[in-house]
Amino acid sequence: MKPQIYAMPGNEILAAALTDGTGAEQGRLEYRKFPDRESYLRFHGDVTGRSAVLACSLHDPDSKTLPLLLAAATLRDLGAKSIGLVAPYLAYMRQDRRFKDGEAVTSLAFARLLSGAFDWIATIDPHLHRYASMAEIYSVPVLVGHATRVLVDYLRQRQGTIFLVGPDEESEQWVSSVAKAAEAPYITLRKTRRGDNDVSVSFPDISRFEGLAAVLIDDIISSGHTMQVAVAQLVAFGFRQPVCLAAHGILAADAMERLKAAGAVIVTTNTIPGPTAALDVNPLLVELIRPTLFGELKP
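Residues numbered from 1 in each chain as written. Predicted model: local features only at pLDDT ≥ 70, side-chain atom pairs only at ≥ 80, totals over all residues. Heavy atoms only, no water.

Draft legend 1. Examining the overall build of the chain more closely. In terms of regular secondary structure, the chain is built from 8 helices and 16 strands. Radius of gyration (C-alpha) of the chain: 21 Å, near the 19 Å computed for a compact globule of 299 residues. Seen through its principal axes, the chain has C-alpha atoms that stretch 65 × 45 × 35 Å. For the chain, the residues scored as buried account for 50% of the 299 residues in total. Contacts in the chain between residues far apart in sequence, at least 24 positions, make up 61% of those at least 6 positions apart. Counting only carbon and sulfur atoms, one obtains 51% of the accessible surface of the chain, whose full area is about 14,200 Å². (Helix = DSSP H or I, 4+ residues; strand = E, 2+ residues; numbered from the N terminus. Rg over C-alpha atoms; globule rule 2.2 N^0.38 Å. Buried < 20%, exposed > 50% of the residue type's maximum accessible area, 1.4 Å probe, protein only. Contact = heavy atoms within 4.5 Å. Areas by Shrake-Rupley, 256 points an atom, 1.4 Å probe, with all protein chains shown as cover.)

Right, here's the structure in full:
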């Protein structure tokens, strides 16, 4: 029997791409809210003995996680053979240590929740910082894809006309590898953070890049404050319409408006749907999960 792929609300395009790309079947999940705001879920069709996959990118995770866990538990109760999660953006990776007494290490707590509900997880570029691998916190296999290929393809279209800017010293290793693949020069900035919204950056000499377009690149654009400050300085230096390029465009609160007001063009992948999601990583996810699905079912 073919695996079935189900879309959690708002993930219909992702589920359709996974279904078409893998040859699995699209399952139907009915979801709505009761008047008291509790969730109602119903899976149509028989999942007994089948592999099931839930498609759900986990931006705005607090509103999505409980319905997702309820859906996984229901599939388990209905007799699904295995349950996978495709989450192009995987939340709760940033709080990876206890910085102050009493703080929750939410990356570990969230990993335990998902590991208890799913047999495997697939994601794109999780925000690994102090963890060497996902296996440090997840007890189920986590298939990790990388948006670098998609970002490099985009940059190569502008080869010879751009230079890359990493927003801080921590981005050095990642930015350098992207720059090498894209055959583009790069710099990294020095960042000083005094608070969540109070950031300054310092530039090295960039006079040698006169006439080129600046592309600020990072794995995530969240609040966008660092990029906003960098964009404003680049514009002041005479570099018009810098591009802010990222794998994950969270763009929290008014980040998009602030970046555009500073003079930026924003380009992200579609790990998180939205108006900036111009680069498609769904084919990467298809490649990532196909061996797992077809390990149980040959095409």
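Here the narrative resumes.
Draft legend 2. Layout of the sheet that holds strand S8 (residues 142–145). Taken in spatial order, the 6 strands of this open sheet run S2-S1-S5-S6-S7-S8, and their pairing is parallel. One side of each edge strand has no neighbouring strand; the edge strands of this open sheet are strand S2 (25–26) and S8. Where strand S1 (residues 4–7) and S2 come together, 2 bridges link them in parallel fashion. By the bridge assignment, Gln-4 is partnered in S2 with Glu-25. Along the sheet, helix H8 (residues 282–294) makes contact with strand S5 (51–55), strand S6 (82–86), strand S7 (120–124) and S8, crossing S7 at roughly 165°. (Pairing = 2+ DSSP bridges. Axes fitted to C-alpha atoms, helices over the stretch in contact; angles between N-to-C directions.)

Draft legend 3. Examining the side chain of Asp-125 more closely. Within the secondary structure, Asp-125 is located in the loop between S7 and S8. Buried and unpaired, Asp-125 has no salt bridge, with Arg-149 as the nearest side chain of opposite charge at 11 Å. A polar contact is formed between the side chain of Asp-125 and the backbone nitrogen of Ala-147, at a distance of 2.8 Å. The contact partners of Asp-125, leaving out residues within four places of it in the chain, are Val-144, Gly-145, His-146, Ala-147, Thr-148, Ala-247 and His-248. (Lys, Arg positive; Asp, Glu negative; His and termini not counted. Salt bridge = Lys/Arg side-chain N within 4 Å of Asp/Glu carboxyl O. Polar contact = N/O pair within 3.5 Å; in protein donor to acceptor, adjacent residues only side chain to side chain.)

Draft legend 4. Region of the structure containing the packing of helix H6 (residues 225–237) against helix H7 (residues 255–262). Look at H6 against H7: their axes get within 9 Å of each other, and the N-to-C directions meet at 10°. Relative to H7, H6 is oriented roughly parallel. Listed contacts from H7 to His-225, Met-227, Gln-228, Val-231 and Val-235 of H6 are Arg-258, Leu-259 and Ala-262. A per-class count over the contact of H6 with H7 returns 5 nonpolar, 2 polar and 1 charged. (Parallel < 35°, antiparallel > 145°, perpendicular 65-115°, else oblique. Nonpolar A, V, L, I, M, F, W, Y, C, P; charged D, E, K, R; others polar.)

Draft legend 5. Seen up close, the packing of aromatic side chains. On inspection of all chains with the given rule, the structure shows 6 aromatic pairs. Between Phe-163 and Phe-209, the aromatic rings sit 4.3 Å apart at their centres with planes inclined by 5°, giving stacked as the arrangement. One end of the pair, Phe-163, is in strand S9 (residues 162–166); the other, Phe-209, is in the loop between strand S12 (198–202) and strand S13 (213–221), and 46 residues separate them in sequence. Residue classification places Phe-163 among the buried positions, given a relative accessible area of 0%. Judged by relative accessible area, which is 4%, Phe-209 ranks as buried. Ring-pair connections join several aromatic residues into one group, and the members of that group are Phe-163, Phe-209 and Phe-239. Above the plane of the ring of Tyr-40 lies Arg-32, whose end atom (NZ or CZ) is 4.1 Å from the centre. (Phe/Tyr/Trp six-rings, centres within 6.5 Å; stacked < 30°, edge-to-face > 60°. Lys NZ or Arg CZ within 6 Å of the ring centre and 35° of its normal.)

Draft legend 6. Spatial organisation of unusual backbone geometry. Positioned with a positive phi, Arg-37 is a non-glycine residue whose angle comes to about 80°. You can see Arg-37 is positioned in the loop between strand S3 (28–33) and strand S4 (39–44). For Arg-37, a relative accessible area of 57% puts it in the exposed group. Backbone geometry at Ala-253 places phi at a positive 50°, although glycine is not the residue there. Position of Ala-253 among the secondary structure elements: in the loop between strand S14 (243–249) and H7.

Draft legend 7. A look at the pairing of S1. Covered by surrounding structure in S1 are Gln-4 and Tyr-6 together with Ile-5 and Ala-7, the residues of both alternating faces. Across 4 bridges, S1 lies against S5 in parallel orientation. Bridge assignment links Gln-4 to a residue of S5, and that residue is Ala-52.

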